[in-house]
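So the chains spell out like this:
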Amino acid sequence: MGRPRTNDEAVKERLVECATEMLATRPRESLTVRAVAAAAEASTTAVYSLFGGKDGLVAAVRDRAVAGLFRDLSAVQTSADPLADLYALAVAYRRWGREHRHLYTVLFGGVQSFDPSGDVGASDPIRPLIAAIDRALAASVLVGEATSIALSIWATLHGLVTLELAGALDAVTSEAAFRSAIQATLRGWTTPAVFLSLRQAELAP
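Residues numbered from 1 in each chain as written. Predicted model: local features only at pLDDT ≥ 70, side-chain atom pairs only at ≥ 80, totals over all residues. Heavy atoms only, no water.

Visitor: So what about helix H7 (residues 126-138)? Which residues, and what values?
Guide: The first and last C-alpha atoms of H7 sit 18 Å apart over 13 residues, in line with the 18 Å expected at 1.5 Å per residue. Ser140 lies just past H7 and shows a positive phi near 60°. (Helix = DSSP H or I, 4+ residues; strand = E, 2+ residues; numbered from the N terminus. Expected span 1.5 Å × (residues − 1).)

What follows is the structure in structure tokens.
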């Protein structure tokens, strides 16, 4: 007679990892309590006792993705150059997406949504971006409405990272496209004086 299964942290981790993989690679409706329990070599009871059910497990996956992206973006150091800070945040976002492909797909593939009019929570991944944009606006480097700027930067980033993760771009093309697209997006929100100085620097021999 085998030993009874215990619903410990190891079981919890396997369930989250399996649910993450299933949410990222299969239709969301295919994630059932029975399917994820079988993949994790756990009992269906474990899903209910550890997460309260399927919705709680999906929420745990989402929370892990949100926390991971927030942690990496918050670790980006600020400097006296707001544009450099914004570019560094874009680099950190791309790096997190490449290193956590399944979590990225879960976060931006239907489990998470972007509400431009919603409140920014204390651990929302958008917070470091908004803070950097606010610094750039205060320094008269950027001009515009912070949420609109954030949304345009995120849309550019998301498109680039999604194409890269899908294998639509090779490594050289991905690197060049990232650099030029992010710089162009940021430049488009700069004040006229900053825009002129940036263009002059780019066109200088």
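Here the narrative resumes.
Visitor: An account of the pattern of salt bridges is needed here, citing residue identities and associated values.
Guide: Following the criterion strictly, the structure yields six salt bridges and no others. The partner of Glu13 in a salt bridge is Arg64, with the nearest N and O atoms 2.8 Å apart. With Glu13 in helix H1 (residues 9-25) and Arg64 in helix H4 (residues 54-74), this pair connects stretches of sequence that are 51 residues apart. For Arg62, the salt bridge goes to Asp63, with nearest N and O atoms at 3.3 Å. The class for Asp63 is partly exposed, based on a relative accessible area of 43%. A cluster of three or more residues bridged by salt bridges with shared partners is formed by Arg94, Arg98, Glu164 and Glu175. (Salt bridge = Lys/Arg side-chain N within 4 Å of Asp/Glu carboxyl O. Buried < 20%, exposed > 50% of the residue type's maximum accessible area, 1.4 Å probe, protein only.)

Visitor: Before we move on, can you summarise unusual backbone geometry with the specific residues and values?
Guide: Positioned with a positive phi, Glu41 is a non-glycine residue whose angle comes to about 55°. Counting through the fold element by element, Glu41 comes out in the loop between helix H2 (33-39) and helix H3 (44-51). A positive phi angle, close to 60°, is found at Ser140, a residue other than glycine. Along the chain, the position of Ser140 falls in the loop between H7 and helix H8 (146-165).

Visitor: Can you explain the nonpolar core? Please cite residues and give values.
Guide: Leu15, Leu57, Leu86, Tyr93, Leu129 and Ile133 are the most contacted members of the largest nonpolar core, which has 57 residues in total. The element best represented in this core is H8, accounting for nine residues. The residues contacting Leu15, other than those within four sequence positions of it, are Val36, Ala37, Ala40, Ala42, Ala46, Val47, Leu50, Phe51 and Leu57. (Core = buried A, V, L, I, M, F, W, Y, C linked by side-chain atoms within 4.5 Å. Contact = heavy atoms within 4.5 Å.)

Visitor: Kindly report on the packing of aromatic side chains, identifying the contributing residues and their values.
Guide: With the rule as written, the count across this model stands at six aromatic pairs. Each ring, one from Tyr93 and one from Phe108, has its centre 6.1 Å from the other, and the planes form 35°; the classification is tilted. Note that Tyr93 is positioned in helix H5 (residues 82-99) and Phe108 in helix H6 (residues 101-111), a separation of 15 residues in sequence. Taking the relative accessible area as the measure of exposure, Tyr93 reaches 4% and is therefore buried. Through a chain of ring-to-ring contacts, the aromatic side chains of Tyr93, Trp96, Tyr104, Phe108 and Trp154 assemble into a single cluster. (Phe/Tyr/Trp six-rings, centres within 6.5 Å; stacked < 30°, edge-to-face > 60°.)

Visitor: Describe the side chain of Thr185, naming the residues involved and giving the relevant values.
Guide: With respect to the helices and strands, Thr185 occurs in helix H9 (residues 171-188). Residue classification places Thr185 among the buried residues on the basis of a relative accessible area of 16%. Polar side-chain contacts of Thr185 include one of 3.2 Å to the side chain of Thr156. Discounting chain neighbours no more than four positions away, the residues touching Thr185 are Ser152, Ile153 and Thr156. (Polar contact = N/O pair within 3.5 Å; in protein donor to acceptor, adjacent residues only side chain to side chain.)

Visitor: Give me the packing of H1 against H4: which residues, what numbers.
Guide: Between H1 and H4, the shortest axis-to-axis distance is 9 Å and the interhelical angle comes to 85°. What the angle tells us is that H1 and H4 run roughly perpendicular. Every residue of H4 that contacts H1 at Glu13, Leu15, Val16, Glu17, Ala19, Thr20 and Leu23 is listed here: Leu57, Val58, Ala60, Val61 and Arg64. A breakdown of the residues in the contact of H1 with H4 according to their chemical character gives eight nonpolar, one polar and three charged. (Axes fitted to C-alpha atoms, helices over the stretch in contact; angles between N-to-C directions. Parallel < 35°, antiparallel > 145°, perpendicular 65-115°, else oblique. Nonpolar A, V, L, I, M, F, W, Y, C, P; charged D, E, K, R; others polar.)

Visitor: Before we move on, could you go through H1 and cite the residues and values that matter?
Guide: With 17 residues, H1 extends 24 Å from end C-alpha to end C-alpha; this agrees with the ideal 24 Å at 1.5 Å per step. Within the sequence span of H1, burial applies to Val11, Leu15, Val16, Cys18, Ala19, Thr20, Met22, Leu23 and Ala24. With a side-chain oxygen lying 3.2 Å from the backbone nitrogen of Ala10, the N-terminal cap of H1 falls on Asp8.

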